[in-house]
Every structure is written in structure tokens, then in C-alpha cells.
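Architecture and fold: a report
If you want the building blocks of each chain, they are given just below.
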Amino acid sequence: MKRYGLLVITFMVGCTSLGKDFQPFRIGVLDGSTGAEKQNIEQVVTDTIEQADLLYAEYVAGFEQGRSQLCQGNKGYQWGLEGNRYRGQCKGYPSEPQFKTEAERGFQRYIQPEDFPR
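Just so it is clear, the structure is predicted and the values come from calculations on it, not from any experiment. (Residues numbered from 1 in each chain as written. Predicted model: local features only at pLDDT ≥ 70, side-chain atom pairs only at ≥ 80, totals over all residues. Heavy atoms only, no water.)

1. Overview of the packing of aromatic side chains
What counts is decided by this rule: Stacked, edge-to-face and tilted are the three classes for Phe, Tyr and Trp ring pairs, Trp counted by its six-membered ring, which pair at centre distances within 6.5 Å; planes under 30 degrees apart are stacked, over 60 edge-to-face, the rest tilted. Strands here are runs of E lasting at least two residues and helices are runs of H or I lasting at least four, both read from the DSSP assignment and numbered beginning at the N terminus.
The full count for this structure, using the stated rule, is 5 aromatic pairs. For the pair tyrosine 56 and tyrosine 59, a centre-to-centre distance of 6.0 Å together with 25 degrees between the ring planes defines the contact as stacked. With tyrosine 56 and tyrosine 59 both in helix H4 (residues 52-70) and 3 residues apart, the pair spans about one turn of that helix. Among the aromatic residues, those joined into a cluster by ring pairs are Tyr56, Tyr59 and Phe63.

Following this line, the structure appears as C-alpha cells:
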């Protein structure tokens, strides 16, 4: 949850100007690699512009790259230990079962650290 607020702030800053600094691919990588839900076109492109479809396609490509970075089975435990819950972020990836198991194990330790030996 703590990352969600950062994503919203980052996203809002990224969307304030759709000039050369607007980088939908980068926003997509950030969202995908942190387990955020994929945004729809209206969330990515808030102004009416001719390049909306192209910018959204860049965002989706970045989001999928970010998901591939996140959805490595060996990253699940640390991700859960940071307080993140598995909500299907890695659905469709071969590593999903391992990532999900490790994320849930890490999250359990996050919410009940005293129950685990150090």
C-alpha cells in the first residue's frame, strides 16, 4: 500500500505535462514492477491528444516489462516481506505459483514477524 501513494504521486507528476517529459513506457515499467494494477487509457492519458493510442501502447509495453521484472519466483518473498500482497499480479507467468507462494510467505512474516525465528 505504501507504494501505491508513491505511484499516484509519480503518475500525477508524469501526467501534468504531455510534452517531451511524458514517458508512458517508464510509468508502465514502474507500475508493473511494483505490482500496481494496470491503468486504463483514461488514467494514462488525461488530455485529449492525437497520440493517445500510441502513448497508451507505450505504457502497456512498459507495464509488461515491469511485470516480467517483478514476476520472477525468487523475488516473491522479498516483495511480500515489504508488505505487498499477491493479487494476481503475475497471472499468466510460468513463475506465478512460486512467486505467489513466496509472496504470501513473505507477507505472513511481515504481518507477524514475532512468530518467526530470527
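Resuming the write-up.
2. Examining the state of the cysteines
Stated precisely, the cut-off is as follows: Criterion for a disulfide: a pair of cysteine sulfur atoms within 2.5 Å.
Under the criterion given, the structure shown has 1 disulfide. Note on cysteine connectivity: cysteine 71 is disulfide-linked to cysteine 90, with sulfurs 2.1 Å apart. Disulfide cysteine 71-cysteine 90: the torsion about the S-S bond is -90 degrees, which places it as left-handed. In this pair, cysteine 71 sits in the loop between H4 and helix H5 (76-81) while cysteine 90 sits in the loop between H5 and helix H6 (96-111), placing the two residues 19 residues apart along the sequence.

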